[in-house]
Amino acid sequence: MNVIIMGPPGVGKGTQSHAVVTSKGCVHISTGDTLRMAIRSGSELGLKVHAIMNAGDLVSDELMMDLVRDRLSQPDAQQGWLLDGFPRTAVQAEGFIGLLDGLGQTVDAVLVLNAPADEIVRRLEGRVTCRACNEVMNLKGFGPVQPRFCPFCGSAEDPQRPGKSALYQRADDKEETIRHRLEVFRKKTLPAAWALEERYPLHEIDGLGTPEQVADRIAAALG
Ligand code: AMP
């Protein structure tokens, strides 16, 4: 099954992607995760995109098309994929439709998750990620005693950089940058969803409620 999951930052795309890939057996391709890994490894790609990502802006369409074309050609992507964070502009959407047509592939479902802006800011401000296992969590759920160890993998330190804590807040998860990313979503990414809707089945999903409730709505849409 080939699925695209879209939505503003912090709406729960990552969490829901894990549920879909587990139930459908497809590979999770998160362009944001790929770029963050490139930054951490200090690669040429990472150096190019670091400042753009921290500012909450979009990486160039050309670079993203190359990245996705390359990723889809890898063996594990032949069993089906879930794209999380791509396409993000109308140009990427048009380019991607052309790429899939060339490969003789289609998209079974485009999922567009949504939630009000204030709810998104509230969720993202408490969001941290583990450098060791890449799990994302919200520290607001932990109350006044904040964890030093990742509750998922138990790490306290970044395995690649001893002394640096495992849990960290993304540089682009500050209120001002979150509001900018929301605007980028409305102006640039919604047109990408409209372009995809011309070709593939699109489902709008309410992103409010517990992760389980949202997962049930997605499961109903995917059938
Ligand atoms: P995400 O983890 O999906 O929120 O992505 C984090 C950041 O990575 C975005 O704010 C962009 O700077 C960059 N990024 C990820 N995917 C794309 C894409 N398809 N096009 C352009 N920039 C992207």
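Residues numbered from 1 in each chain as written. Predicted model: local features only at pLDDT ≥ 70, side-chain atom pairs only at ≥ 80, totals over all residues. Heavy atoms only, no water.

(A) Spatial organisation of the site of the ligand. Residues in contact with the ligand amount to 15 residues; listed here are only the nearest, Thr31, Arg36, Asp57, Gly85 and Gln92. A distance of 3.1 Å separates a nitrogen atom of the ligand from a polar atom in the side chain of Arg88. Side-chain polar atom of Arg170 to an oxygen atom of the ligand: 3.4 Å apart, as the coordinates give it. Protein coverage of the free-state accessible area of the ligand, which is 490 Å², stands at 96%. For the shell around the ligand, the element with the most residues is helix H2 (residues 31–41), which contributes four residues. Looking at the shell around the ligand residue by residue, the class counts come to six nonpolar, four polar and five charged. (Near = heavy atom within 4 Å. Polar contact = N/O pair within 3.5 Å; in protein donor to acceptor, adjacent residues only side chain to side chain. Areas by Shrake-Rupley, 256 points an atom, 1.4 Å probe, with all protein chains shown as cover. Helix = DSSP H or I, 4+ residues; strand = E, 2+ residues; numbered from the N terminus. Nonpolar A, V, L, I, M, F, W, Y, C, P; charged D, E, K, R; others polar.)

(B) Representation of the packing of aromatic side chains. Counted under the stated rule, the structure contains two aromatic pairs. Taking the centre distance of 5.8 Å and the plane angle of 65° together, the rings of Trp81 and Phe96 count as edge-to-face. One end of the pair, Trp81, is in strand S3 (residues 81–84); the other, Phe96, is in helix H5 (residues 90–103), with 15 residues separating them in the sequence. Of the residues examined, Trp81 reaches a relative accessible area of 0% and is grouped as buried. Ring plane angle 80° and centroid distance 5.4 Å describe the contact between Phe86 and Phe96, whose orientation is recorded as edge-to-face. Placement of Phe86 in the loop between S3 and H5 and of Phe96 in helix H5 is noted, with a sequence separation of ten residues between them. Residue Phe86 is classed as buried on the basis of its relative accessible area of 1%. The rings of Trp81, Phe86 and Phe96 are connected pair by pair, giving a single aromatic cluster. (Phe/Tyr/Trp six-rings, centres within 6.5 Å; stacked < 30°, edge-to-face > 60°. Buried < 20%, exposed > 50% of the residue type's maximum accessible area, 1.4 Å probe, protein only.)

Function cannot be inferred from these measures alone, as they are strictly geometric.
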